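What the coordinates show
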There are 2 protein chains.
Amino acid sequence: PIYTVPISPTRPAIPHGFYCALRANQRGGQSTRRAQERDTTAMAEGKLLLRSFVEVPRDSHFPIQNLPFGVFRRRGQPEGPPRPATAIGDFALDLAAVSAAGLFDGPLLSASPCFHQETLNMFLGLGRPAWKEARATLQKILSADEPVLRDNEALRKNCLVPMSDVEMLLPITVGDYTDFFCSVHHARNCGFIFRGPQTPVNPNWFHLPVGYHGRASSVIISGTDIIRPRGQGHPTGSSQPYFGPSQKLDFELEMAAIVGPGNELGKPIDIADAEDHIFGLVVMNDWSARDIQAWETIPLGPFLGKSFSTSVSPWIVTLDALKPFACEAPKQEPEPLPYLAEKNHINYDIPLEAWIKPKEQSDASIVTKTNFKHMYWTVTQQLAHHTVNGCNLRPGDMFATGTLSGPEPDSLGCLLEITWNGQKEISVGNSIRKFLQDGDEVILTACCKGEDYNVGFGTCTGKILPSLP
Amino acid sequence: PIYTVPISPTRPAIPHGFYCALRANQRGGQSTRRAQERDTTAMAEGKLLLRSFVEVPRDSHFPIQNLPFGVFRRRGQPEGPPRPATAIGDFALDLAAVSAAGLFDGPLLSASPCFHQETLNMFLGLGRPAWKEARATLQKILSADEPVLRDNEALRKNCLVPMSDVEMLLPITVGDYTDFFCSVHHARNCGFIFRGPQTPVNPNWFHLPVGYHGRASSVIISGTDIIRPRGQGHPTGSSQPYFGPSQKLDFELEMAAIVGPGNELGKPIDIADAEDHIFGLVVMNDWSARDIQAWETIPLGPFLGKSFSTSVSPWIVTLDALKPFACEAPKQEPEPLPYLAEKNHINYDIPLEAWIKPKEQSDASIVTKTNFKHMYWTVTQQLAHHTVNGCNLRPGDMFATGTLSGPEPDSLGCLLEITWNGQKEISVGNSIRKFLQDGDEVILTACCKGEDYNVGFGTCTGKILPSLP
């Protein structure tokens, strides 16, 4: 029998229209050859039948096959302390409580204080064997057949917290944050808009994953409001540059990899080992002020046009959970240099969407649908490139993909591309937009759709507040 | 009577030639009008006679007028724990020991644990009133007239550690590191070398302090070896890009400001308050691989050409100690926008030098002499610009000036400029150089020269090790 935890969970506050449309998408899901293969593999592994005693809605991003990691605190007066957690259906499972109950009984975690921390950094530093042990333990204690948690009401109430009662926090201390530029469609469109049709993609782009250092201090958790930044824009004629609130505020739909074990300064990570240094992925909004960016960017790259805020989704989905959704990455031409050549050249089939909910409207409207799988340089290539000069990574460092635009006109990952730098307007419900307006909420989401379950990322949201006077 | 602490200090290992030349420079020091004004002010403040009971050699960077802050540990088996310190002559004064002895008896520091930390971040976060209190206490207990430390042999032995017995550590946890580009001479030379004579300086440069995010994880303490980075360089014709050890390894002579109290995300720091957020300055070597940088940099700026290592000098010299060396900053034309306009538009008169000691030579040779005072955008303008978009700074963040080239041919701050991107050679002792070779040690130094005392930064050094095979 499937138990229902006797606490009434309610969903986090997301615009009604968003969920309606999300469900409609799922009803329309097609059975592809890849999905069939996946099911066969899953059957062989006995995973197809893996169910949790916690009731998981069919459209949930967080079935027992996912088990992402995050950090939460209980709402209320007083607020609870920050606690590592996994998500199961509409509940957060408190890993400090699970650990205190002695349920992490494997060799790597039974004596580890890693779940009694305020961030996941220590757990991330332990590496994949510990991550796999945690995942196996959690799948076991949450499964429908396992009584240890299912039949212990006091422990269940202590460990399982309805999502409506939790506040999600930034799950990691981000030492350094890097942003790559790995969608060729985005690179081509930006090059065309800013430099013209001659060489929209610079010659280096096909030889290395172009990237830049971002600002770590302003990486924030989904749900945090975004204050419209002020700054300088291009002068007109011989006047002073424009100064004031950004007039071209944009989102960028990205994903970011979270680093597990790092490397010593001067010791690059071989591409064959790169995957072992990546814990998982989050959805990221690389908020961008296009007018500030355009004026400041020559010759040293983006700075204040980006550093005012970068939002990430709260649950880190592990590469282990994403494995069933692995797919071939785009063929690379020219062939990468040996340090970037990989035997297992894969992306993941992760459908991504961006929605905008204008202030005066009750529903959000979808503005783009794209996919992580279009990315030209894989996350493992990004990591190998990042360290080839000896640069050291540390647990909790974050490196993002760049805007994940796809090849179709309706798969562009930011308004700069969608409205061609404000040259055309788009409809958002019964409003029109060239760039973001005050009060707009942007909702990014990502969800791998299997036949029988999703492996989703939840949402990455942020609402635009007016600039300071 | 001036006491000599009865322990034999020896100098840190610096090439012999370096000190010989340094002394010669000092003997040749001229009495300028500014220096005379300084002395008058100092006399009025009764500071001219301020002497320490610790013997301070006349050429020392660290008289009682300086009192920079750093973190050290005692050498030996076992090594001591990291401890905050100030420098006095050839000694480090252990601030944890001073604090434990109850000598920080002012209202802000008497109960503070800030000197019982492994970094200075907590002290930096306390702000200028606490910094001034610490400085006043240290000037008092180190002065020749004050018996509390002078006449207590046990306490003196516990607190004063010869520099030869200490290992200096990175004094701060760097949350984020930013690099500006604030010497117009450097900007013009780089623009000329890379983009030609048409518009060597991009139009935005005179309207804002151009900068970019750097890598925090690879900020290292002076004395750490530099492993020559590997990476990609421009392809020739239609072949693959070059891949291998950088063939154009360079130093960049910079200074960096260390942030004190930070600001909340979304709340810019007004330029009138900017100085209160800057604790002090260090000398910095922004090691650069010019071939990697040139190929990767379009369109997102420097990345792996910089992120392999950035060295900083161990002692943070406070703005309070630098005050006597304040001087007018260059006139700005066009006038800066209001958010960058400052009443007190000052730089500091800090002479800077770069020396190279080739592997086979016993002496270092000077390769450039420049000065911090040439900088076009001041550190307070840099800080105000950095936060105008709402970007948050945190205690211990670091922002650097960019290469501090001066107007004269012998005041260029990197080999890129000195050898005009390798088009000409320079003599270094009895060797010649276009860029750095394996075994070369680069020694940067900065020292404000008063009539009666120096306020110096010590050195920022690093030796090039061969690339990995």
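Residues numbered from 1 in each chain as written. Chains lettered and ligands numbered in written order. Predicted model: local features only at pLDDT ≥ 70, side-chain atom pairs only at ≥ 80, totals over all residues. Heavy atoms only, no water.

Another point: the UniProt feature "domain: Fumarylacetoacetase N-terminal" (unreviewed entry) in chain A. The residues that UniProt annotates with the feature "domain: Fumarylacetoacetase N-terminal" (unreviewed entry) are residues 65-171 of chain A. For residues 65-171 of chain A, the end-to-end C-alpha separation is 20 Å, with 36% helix and 21% strand making up the annotated structure. (UniProt positions renumbered as here; feature names shortened; annotations may be inferred. Helix = DSSP H or I, 4+ residues; strand = E, 2+ residues; numbered from the N terminus.)

So, about the pattern of salt bridges. A full pass over the atoms with the stated rule returns 36 salt bridges over all chains. Put simply, A:Glu167 and A:Arg73 hold a salt bridge, and the shortest N to O gap is 3.1 Å. Of this pair, A:Glu167 sits in strand 5 (residues 166-169) while A:Arg73 sits in strand 1 (residues 69-74), and the two are 94 residues apart along the sequence. A relative accessible area of 26% means that A:Glu167 is categorised as partly exposed. The salt bridge partner of B:Asp397 is A:Arg215, with a shortest N-O separation of 2.7 Å. Residue B:Asp397 is located in the loop between helix 11 (379-387) and strand 22 (398-400), and its partner A:Arg215 is located in the loop between strand 7 (211-213) and strand 8 (219-221); the two belong to separate chains. There is no split in this pair, since B:Asp397 and A:Arg215 are both buried. (Salt bridge = Lys/Arg side-chain N within 4 Å of Asp/Glu carboxyl O. Buried < 20%, exposed > 50% of the residue type's maximum accessible area, 1.4 Å probe, protein only.)

Okay, the interface of chain A and chain B next. By a frequent convention, interface size equals the accessible area lost on bringing the separate parts together. Contacts between the two partners involve 60 residues from chain A, matched on the other side by 60 residues from chain B. In this assembly, chain A packs against chain B so that about 5600 Å² is buried in total across both faces, 61% of it on carbon and sulfur atoms. For the pair chain A and chain B, the number of links is four salt bridges. Linking chain A with chain B are 30 residue pairs in polar contact (both at pLDDT 80 or more). (Contact = heavy atoms within 4.5 Å. Buried area = accessible area lost by both parts, 1.4 Å probe. Polar contact = N/O pair within 3.5 Å; in protein donor to acceptor, adjacent residues only side chain to side chain.)

Moving on: helix 11 (residues 379-387) of chain A. All names here are of chain A. Here helix 11 lies mainly inside the structure; nine of its nine residues are buried. Those residues of helix 11 that sit buried are Val379, Thr380, Gln381, Gln382, Leu383, Ala384, His385, His386 and Thr387. Looking at the buried side of helix 11, the elements it contacts are strand 6 (177-180), strand 13 (253-259), strand 14 (278-285) and strand 22 (398-400).

All names here are of chain A. The five strands are arranged 4-3-2-1-5 in an open sheet whose pairing can be described as antiparallel. Sheet topology places strand 4 (160-162) and strand 5 at the edges, where each strand pairs with a single neighbour. When the angles between neighbouring strand axes are averaged without regard to direction, this sheet yields 45°. As paired elements, strand 3 (residues 91-94) and strand 4 share three bridges and run antiparallel to each other. Across the sheet, Phe91 pairs through a bridge with Pro162, a residue of strand 4. (Pairing = 2+ DSSP bridges. Axes fitted to C-alpha atoms, helices over the stretch in contact; angles between N-to-C directions.)

What follows deals with the confidence of the model for chain A. All names here are of chain A. Looking at chain A, the pLDDT average stands at 91 and 90% of residues meet or exceed 70. Contacts for the low-pLDDT stretch residues 1-17, under 50 throughout, to residues beyond four places or in other chains number 43 contacts. Every residue in residues 19-40 scores below 50 in pLDDT, and together they form 24 contacts with partners more than four places removed in sequence or on other chains. In the model output, the complex is listed with pTM 0.92 alongside ipTM 0.91. (pLDDT = per-residue confidence, 0-100.)

To continue, consider the domain arrangement of chain A. Residues and elements named next belong to chain A. The domains assigned to chain A are domain 1 (69-169) and domain 2 (177-465). Relative placement of domain 1 and domain 2: their C-alpha centres are 30 Å apart. Facing the 19 residues of domain 1 at the interface are 18 residues of domain 2. Regarding the contact of domain 1 and domain 2, the summed buried area is about 1500 Å², with carbon and sulfur atoms giving 64% of it. Per-residue buried area on domain 1 facing domain 2 is highest for Phe69, Leu124 and Arg128; these three make up 40% of the total on that side. Connecting domain 1 to domain 2 are three salt bridges. A salt bridge links Arg128 to Asp320; the shortest N-O distance between them is 3.6 Å. Linking domain 1 with domain 2 are five residue pairs in polar contact (both at pLDDT 80 or more). When residues of the side of domain 1 that touches domain 2 are traced back to their parent elements, those giving at least two are strand 1, strand 2 (83-88), helix 4 (121-126), helix 5 (128-142) and strand 5. Along the lines of polarity and charge, the residues of the side of domain 1 that touches domain 2 split into 11 nonpolar, five polar and three charged. (Domains from an automatic or database assignment. Nonpolar A, V, L, I, M, F, W, Y, C, P; charged D, E, K, R; others polar.)

Here the focus is the relation of the copies chain A and chain B. With an RMSD of 0.0 Å, the fit of chain A onto chain B corresponds to turning through 180° and sliding 0.0 Å along the axis. Put plainly, the chains are arranged around a two-fold axis. Every residue of chain A has its C-alpha some distance from the rotation axis, and the shortest such distance is that of A:Gly301, at 2.2 Å. Both copies share a contact surface, since 100% of the interface residues of chain A are interface residues in chain B too. (Least-squares fit on C-alpha atoms with pLDDT ≥ 70 in both.)

Our focus in this paragraph is the environment of B:Pro113. Residue and element names in this part refer to chain B. Locating Pro113 in the fold gives a position in the loop between helix 3 (95-100) and helix 4 (121-126). Relative accessible area serves as the criterion here: at 43%, Pro113 is assigned to the partly exposed category. Residues Pro113 and Phe123, spaced 10 residues apart in sequence, show a C-alpha to C-alpha distance of 8.8 Å.

All names here are of chain B. Tracing the backbone shows Asp452 in the loop between strand 25 (441-449) and strand 26 (454-465). By relative accessible area, Asp452 is classed as partly exposed at 43%. For the pair Asp452 and Ile271, spaced 181 residues apart in sequence, the C-alpha to C-alpha distance is 33 Å.

Residues and elements named next belong to chain A. Sites flagged by UniProt as "active site" (unreviewed entry) map to His186. By the secondary structure assignment, His186 is in helix 8 (residues 184-195). Relative accessible area serves as the criterion here: at 4%, His186 is assigned to the buried category. Apart from residues lying up to four places away in sequence, His186 is in contact with Phe181, Glu252, Thr403, Ser405, Cys414 and Glu417.

For the rest of this paragraph, the subject is unusual backbone geometry. Cis geometry is adopted by the peptide bond preceding A:Pro334, which originates at A:Glu333 and carries an omega value of 10°. Inspection of the secondary structure puts A:Pro334 in the loop between strand 18 (326-328) and strand 19 (346-348). Between B:Gln77 and B:Pro78 the backbone carries a cis peptide bond, its omega angle lying at -5°. Phi is positive for B:Trp420, close to 50°, though the residue is something other than glycine. Topologically, B:Trp420 is positioned in the loop between helix 12 (415-418) and strand 23 (426-428). Classification of B:Trp420 as partly exposed rests on a relative accessible area of 24%.

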